[in-house]
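Geometric and topological summary
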Amino acid sequence: MQGEALSAKDQSSKIKDQSPAPLRVAILSSEAVPFAKTGGLADVSGALTKALQVEGVDSFLILPLYDQVDRKLLSGIFIDDLEVEWRGKPSRVRVWKSDALKAPTYLIEAGHYFDRGRVYGERDDFERFAFLSRAAIALLKRLGDAPDILHCNDWPCGFASIEMRVRRRHEEFFAKTRILFSIHNLAYQGIFNPSDLWWLDLAAYTDAFIFKGAASALKAGITAADALSTVSPRYAQEIQTPEQGYGLDWLLRARRDRLVGITNGVDYELWNPQTEPDIAAHFSADDLSGKLGCKLDLLRRFDLPKEPERPIIAIISRLVAQKGYDLIRQGAQAILEAGAFFIALGAGAREYEDFLQRWHDAAPQRVGIYKGYAGEPLAHQIEAGADIFLMPSLYEPCGLNQMYSMRYGTVPVVRATGGLDDTVENFDPETGKGNGFKFGPYSTPAMLEKIREAIYFYSQPDIWAGIQRNGMAVDNSWSAAAKRYLQLYREMAETA
Ligand code: ADP
Ligand code: GLC
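The notes below deal with the structure included here. This one's a predicted model, so the numbers in the text were calculated from it and none came from an experiment.

1. Some points on the site of ligand 2
Around ligand 2, the surrounding shell holds 14 residues, and the nearest of these are His184, Asn264, Glu396, Cys398 and Gly399. In the model, an oxygen atom of ligand 2 is placed 2.9 Å from a nitrogen or oxygen of the Asn264 side chain. In the environment of ligand 2, an oxygen atom lies 3.0 Å from a nitrogen or oxygen atom belonging to the backbone of Cys398. In the complex, the protein chains occlude 93% of the 310 Å² of accessible area that ligand 2 would expose alone. Split by domain, the residues of the shell around ligand 2 number at least three in each of domain 1 (22-265 + 479-493) and domain 2 (290-475).

Here is the structure:
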């Protein structure tokens, strides 16, 4: 048999030939860290693209080049004249490249649509993101190596989901491309007037868009995708119910064999109390002492008295009903009576900004507020310096801050919904197990009871340190989630 033996060189080339080509995955998103961020979608889009590279995936990200993107992150113009068929005629845009993520990021420059000083909230949002989708598909073609997976995120990418489905029927180039549509928040649906489908050149797919008499980019995205995912297993169940289905529960039930829940991870390179540059002192589960320095720094930043024994309850969130601000408003007085400082960072609805202002004005020695989007350093400083992190959400697809909190020894108090329920384990004093406090009913008394319980244990430093360490020991890194996505992508790629 010797004659048949392969030389070492032959063997290695044979092994090479057998190893499958890496999966090529295009991630399309309306926001991503470090380029543009309004919420958790940005954290996820950036971190997942990076984490997939570590798993050997040929992943890359496509984003709009908003005016607020820091130009220092760009490495140069990648395409000068990308032709996009738009409103019946070709339009040309530039595409920039960035290597800031350790995975290629392509940013579509279309000043008319993306130089608006903000990411969302414009009257023509549907048009802006329909354009993004069309430009992204033109870019994929120009890149010349069709992706195995087009991973679309939330309603702004609903247009890409349906366009890809149609295009691959007619264009051999896209024949192998499978579409994953990830739902980060079902409540945002990209609603617009169906008559606009005509000039968007999407009228042929009206059925997929039509939703309660309007057009919904989210519904079209869900309808057209080969597979669906959402950002926690619990939320994957919840959105199939009329209570949390926002009118689309029937569609999600109909497609449930294609729907999975994959819990988001934490980018531990960015959220790391042992190494990150923006916090006042470093600390770890073995040596928590630095946390006091962070707490004093936080009190100073918010102009609060230097009373380190008093617990700080913090919240960082968009100021919207989803985040449970109605409960906080009703319970404001009782929270202070329980003996805590309260620090809030948030941007959003005027009514909640006004509430925070009034609360601060009434108790400037106890309530610290920052109204607006603060960027990353302050969010990290709050996570590092606070004792308790409050997330009384009405619903929460995943939620990232409870996981960030655990990393920083900041104990989460959350409502048991969606990803909060999946990621926080209620503390049990009998066993010493658990990393936070969870309440069930969406009610102020239920929230206050858990806040009081947390403060009660905070006053017993040994028990408290145990809860902190339980949270710090949890592995919420992206690698587990990236592996789940990879498995899903592979299954999709194998299905013709
Ligand atoms: P959501 O995506 O629903 O807003 P998540 O918990 O998934 O909620 O993610 C919120 C992200 O946005 C976190 O990284 C949080 O720190 C950040 N964030 C929210 N509001 C602000 C703000 N006003 N300033 C800075 N960061 C914020
Ligand atoms: C959405 C959800 C949030 C989730 C984030 C990232 O904005 O509201 O719960 O963590 O997307 O998936």
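2. Details of the environment of Arg165
The topology assignment puts Arg165 in helix α5 (residues 158-170). For the pair Arg165 and Ala175, spaced 10 residues apart in sequence, the C-alpha to C-alpha distance is 9.3 Å. When near neighbours in sequence (up to four residues on either side) are disregarded, Arg165 contacts Ile179, Ala224, Ala225 and Asp226. For Arg165, the side chain forms a polar contact with the main-chain oxygen of Ala224, separated by 2.7 Å. Of the polar contacts made by the side chain of Arg165, one reaches the side chain of Asp226; its length is 3.4 Å.

3. Details of the packing of helix α12 (residues 325-337) against helix α13 (residues 350-362)
The interhelical angle for the contact between α12 and α13, taken along N-to-C directions, is 5 degrees, at an axis separation of 11 Å. Between α12 and α13, the crossing angle belongs to the class labelled roughly parallel. Contacts from Tyr325, Asp326, Ile328, Arg329, Ala332, Ile335 and Leu336 in α12 reach Glu351, Tyr352, Phe355, Leu356 and Trp359 in α13. Residues belonging to the contact of α12 with α13 are distributed by class as follows: 9 nonpolar, no polar and 3 charged.

4. A few points about the pairing of strand β5 (residues 105-109)
In terms of burial, β5 is a largely internal element, 4 of the 5 residues being buried. Both strand β2 (residues 58-64) and β5 contribute to a ladder of 4 bridges, which runs parallel. Residue pairing in the sheet places Pro64 in a bridge with Ile108 of β5. In this structure, strand β4 (residues 89-98) lies alongside β5, joined through 5 bridges in antiparallel fashion. Bridge pairing in β5 places Ser98 opposite Thr105.

5. Remarks on the nonpolar core
Core analysis: the largest hydrophobic core is formed by 132 residues, its most contacted members being Phe159, Ile222 and Tyr489. The greatest single-element share of this core, amounting to 11 residues, is contributed by helix α4 (residues 125-143). Once residues within four sequence positions are removed from consideration, Tyr489 is found in contact with Leu23, Val25, Ile27, Leu48, Leu52, Ile149, His151 and Leu180.

6. Observations regarding the packing of aromatic side chains
Counting across every chain of the model gives 29 aromatic pairs. When the ring of Tyr120 is compared with that of Phe129, the centres are 5.9 Å apart and the planes differ by 50 degrees; the resulting orientation is tilted. The rings of Tyr66, Trp86, Tyr113, Phe114, Tyr120, Phe129, Phe131 and Trp155 are connected pair by pair, giving a single aromatic cluster. Sitting over the ring of Trp199, Arg87 keeps its end group 4.0 Å from the ring centre.

7. Examining the pairing of β2
Of all 7 residues in β2, 6 are buried, a share of seventy percent or more. In terms of strand pairing, strand β1 (residues 24-28) meets β2 through 5 bridges, oriented parallel. By the bridge assignment for β2, Ala26 is matched with Phe60.

8. What to know about the site of ligand 1
As a structural note, the neighbourhood of ligand 1 is formed by 22 residues, with Lys37, Gly40, Asp43, Arg318 and Lys323 the closest of them. Contact distances for ligand 1 include 2.7 Å between an oxygen atom and a side-chain N or O atom of Asp43. Residue Gly372 places a main-chain N or O atom 2.9 Å away from a nitrogen atom belonging to ligand 1. In isolation ligand 1 has 570 Å² of accessible area, and contact with the protein removes 93% of it. For the shell around ligand 1, the secondary-structure elements that each account for two or more residues are α2 (40-54), β13 (312-319), β14 (341-348) and α15 (401-407). Looking at the shell around ligand 1, its residues break down into 8 nonpolar, 9 polar and 5 charged. Each of domain 1 (22-265 + 479-493) and domain 2 (290-475) gives at least three residues to the shell around ligand 1.

9. Topic: the sheet that holds strand β11 (residues 227-230)
With respect to topology, 9 strands assemble into an open sheet ordered β3-β4-β5-β2-β1-β6-β7-β11-β12, the strand pairing being mixed. Each having just a single partner strand, β3 (76-86) and β12 (259-261) make up the two edges of the open sheet. Within the sheet, the average angular offset between the axes of one strand and its neighbour, ignoring direction, is 25 degrees. The pairing of β11 with β12 spans 3 bridges and is classified as parallel. Paired with Ser229 across the bridge in β12 is Val260. On top of the sheet, α5 reaches β1, β6 (149-153) and β7 (178-183); it is set at about 165 degrees to β7, its chief contact.

Procedures and definitions
Residues numbered from 1 in each chain as written. Chains lettered and ligands numbered in written order. Predicted model: local features only at pLDDT ≥ 70, side-chain atom pairs only at ≥ 80, totals over all residues. Heavy atoms only, no water. Near = heavy atom within 4 Å. Polar contact = N/O pair within 3.5 Å; in protein donor to acceptor, adjacent residues only side chain to side chain. Areas by Shrake-Rupley, 256 points an atom, 1.4 Å probe, with all protein chains shown as cover. Domains from an automatic or database assignment. Helix = DSSP H or I, 4+ residues; strand = E, 2+ residues; numbered from the N terminus. Contact = heavy atoms within 4.5 Å. Axes fitted to C-alpha atoms, helices over the stretch in contact; angles between N-to-C directions. Parallel < 35°, antiparallel > 145°, perpendicular 65-115°, else oblique. Nonpolar A, V, L, I, M, F, W, Y, C, P; charged D, E, K, R; others polar. Buried < 20%, exposed > 50% of the residue type's maximum accessible area, 1.4 Å probe, protein only. Pairing = 2+ DSSP bridges. Core = buried A, V, L, I, M, F, W, Y, C linked by side-chain atoms within 4.5 Å. Phe/Tyr/Trp six-rings, centres within 6.5 Å; stacked < 30°, edge-to-face > 60°. Lys NZ or Arg CZ within 6 Å of the ring centre and 35° of its normal.

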